[in-house]
Amino acid sequence: MTTIENEILRVQISPKGAELQAIQRKDNHLEYLWSGDAAFWGKKSPVLFPIVGGLKNNRYRFDGKTYELGRHGFARDKTFELTEQTPHSATFVLTDDADSLARYPFPFSLSIRYTVNDATLTVRYTVQNTGDQPMYFSIGAHPAFRVPLAEGTHYDDYTLHFNAPENAALWPLSPEGQILDEPVAYFDNAQELPLTKELFLKDALVFKHLASNAISLRSDKTPHGLELRYPGFPYMGIWAAPNADFVCIEPWCGIADHVSASGDITEKEGIIELAPEAIFQREWSAVFF
């Protein structure tokens with residue numbers, strides 16, 4: 001386990017999946033990250049790469065060949081190498097191997113850098129195409145935050161606050177996890193989404209191109225919460241496992257296949273084409289209060 005910290009935050013990261021394992025404020029002694037209770041959902045903050053969501057029939061085509069790739073890709077199950085560490089930051093790197101190339105025929109380097117500064121954790125993704133042909137990928141975050149956060153509060157005491165009025169539609173998921181072709185009306189110039197356990201009984205809430213670039217977890221019964229900032233991520237998933245005490249706020253550069261997807265990865269919605277030797281970067285951050 002790798003620990004980075006400052007006077008306010010202590011953050012722990014596992015080399016498996018370069019996955020966050022703990023986010024604690026030292027002054028209020030609160031743990032903000034979900035416990036990872038396997039009875040509900042055994043992960044805490046998996047990195048979604050080289051796809052986000054599920055493929056139609058868990059397959060895609062590229063250059064005349066068909067490949068199988070499970071939901072959210074393989075990075076979350078791989079062991080990353082810790083390549084750099086300071087008291088306040090840590091960088092983990094994953095590169096292609098024989099196993100990845102059998103499922104995803106693109107040489108790559110994926111670097112994830114975690115940094116703490118005051119009460120803010122910043123997570124930067126750097127993807128490099130190390131091959132000699134264009135590379136096709138998506139990447140996304142899946143952090144799960146504890147709800148309720150503070151003792152004496154309950155799940156439905158909390159809301160998600162969007163930093164801009166929203167009129168985005170909801171894109172429902174099929175039972176197999178694909179995006180249905182028709183959205184449904186959802187927001188009506190709203191900035192608040194009250195949390196309830198019933199909200200996620202039909203899987204994740206999926207949105208495209210929100211007006212907001214930050215979402216806060218708040219309650220009027222406690223001063224404690226967090227704000228997740230995600231500039232440059234065009235898709236958003238909000239999810240919790242049934243009856244679990246967490247909420248995932250998931251900024252994505254990529255999205256699950258539509259039910260009508262062709263299966264050609266070069267035609268996939270949200271897919272990013274990266275030229276040989278080119279570098280793609282995105283970062284999200286969270287402020288804990």
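Report on the accompanying structure. Because the structure is a prediction, the values reported are computed rather than measured.

Calculation notes
Residues numbered from 1 in each chain as written. Predicted model: local features only at pLDDT ≥ 70, side-chain atom pairs only at ≥ 80, totals over all residues. Heavy atoms only, no water. Helix = DSSP H or I, 4+ residues; strand = E, 2+ residues; numbered from the N terminus. Salt bridge = Lys/Arg side-chain N within 4 Å of Asp/Glu carboxyl O. Buried < 20%, exposed > 50% of the residue type's maximum accessible area, 1.4 Å probe, protein only. Polar contact = N/O pair within 3.5 Å; in protein donor to acceptor, adjacent residues only side chain to side chain. Contact = heavy atoms within 4.5 Å. Phe/Tyr/Trp six-rings, centres within 6.5 Å; stacked < 30°, edge-to-face > 60°. Lys NZ or Arg CZ within 6 Å of the ring centre and 35° of its normal. Disulfide = S-S within 2.5 Å. Core = buried A, V, L, I, M, F, W, Y, C linked by side-chain atoms within 4.5 Å. Pairing = 2+ DSSP bridges.

### Here we look at unusual backbone geometry
And then number 1: P50 follows F49 through a cis peptide bond whose omega is 5°.
And then number 2: When you line up the elements, P50 lands in the loop between β4 (47–48) and β5 (59–62).
And then number 3: Following V147, the chain continues into P148 via a peptide bond in cis, with omega recorded as 5°.
And then number 4: Looking at where P148 falls in the secondary structure, it is placed in the loop between β13 (144–146) and β14 (158–166).
And then number 5: One non-glycine residue, N189, adopts positive backbone phi at about 55°.

### Structural notes on the pattern of salt bridges
And then number 1: Scanning the entire structure with this criterion turns up 14 salt bridges.
And then number 2: The salt bridge partner of R10 is E5, with a shortest N-O separation of 3.3 Å.
And then number 3: Here R10 falls in the partly exposed class, since its relative accessible area comes to 31%.
And then number 4: Salt-bridge contacts for E283 lead to R124; the nearest nitrogen and oxygen are separated by 3.0 Å. Placement of the pair is E283 in strand β22 (residues 279–288) and R124 in strand β10 (residues 120–129), with a sequence separation of 159 residues.

### Observations concerning the environment of Q24
And then number 1: With respect to the secondary-structure elements, Q24 resides in strand β3 (residues 19–25).
And then number 2: In this structure, the C-alpha to C-alpha distance between Q24 and G225, residues 201 residues apart in sequence, is 12 Å.
And then number 3: Within the structure, the side chain of Q24 is placed 3.2 Å from the side chain of E31, a separation counted as a polar contact.

### So, the side chain of K208
And then number 1: With respect to the helices and strands, K208 occurs in strand β16 (residues 205–208).
And then number 2: Those residues in contact with K208, other than ones at most four positions away along the chain, are A168, W171, P234, Y235, I255, H258 and E269.

### Concerning the packing of aromatic side chains
And then number 1: Applying the stated criterion across every chain yields a total of 25 aromatic pairs.
And then number 2: Here the aromatic rings of F49 and F137 are separated by 6.0 Å at their centres, their planes lie at 50°, and the arrangement is tilted. In this pair, F49 sits in the loop between β4 and β5 while F137 sits in strand β11 (residues 135–137), placing the two residues 88 residues apart along the sequence. For the pair F49 and F137, a shared accessibility class is recorded, and that class is buried.
And then number 3: A connected cluster of aromatic rings, assembled from ring pairs, spans F49, F62, F74, Y104, F106, F108, Y136, F137 and F280.
And then number 4: The ring of W171 carries the charged tip of K208 above its face, separated from the ring centre by 3.6 Å.

### Description of the state of the cysteines
And then number 1: According to the stated counting rule, one finds zero disulfides in the structure shown.
And then number 2: Take C248: it sits in no disulfide, and the sulfur closest to it among the cysteines is that of C253, at 17 Å.
And then number 3: Residue C253 is classed as buried on the basis of its relative accessible area, which comes to 3%.

### Remarks on the environment of N243
And then number 1: In this fold, N243 is placed in the loop between β19 (235–239) and β20 (246–253).
And then number 2: Residues N243 and F162, spaced 81 residues apart in sequence, show a C-alpha to C-alpha distance of 23 Å.
And then number 3: Setting aside chain neighbours within four positions, we find N243 in contact with F40 and K197.

### Overview of the nonpolar core
The nonpolar side chains of a soluble globular protein tend to be buried, and buried together.
And then number 1: Grouped together as the largest cluster of nonpolar side chains are 97 residues, with contacts concentrated most on Y114, F137, L160, L195, L217, I238 and F246.
And then number 2: Of the residues forming this core, the biggest block, six residues, is contributed by β20.

### Describing the pairing of strand β8 (residues 89–95)
A regular strand carries its side chains on alternate faces of the sheet.
And then number 1: Most of β8 sits out of view: six of its seven residues are buried.
And then number 2: As paired elements, strand β7 (residues 81–86) and β8 share five bridges and run antiparallel to each other. From the neighbouring strand, E81 faces β8, where its bridge partner is V93.
And then number 3: Between β7 and β8, which pair antiparallel and follow one another directly, the connecting turn spans two residues.

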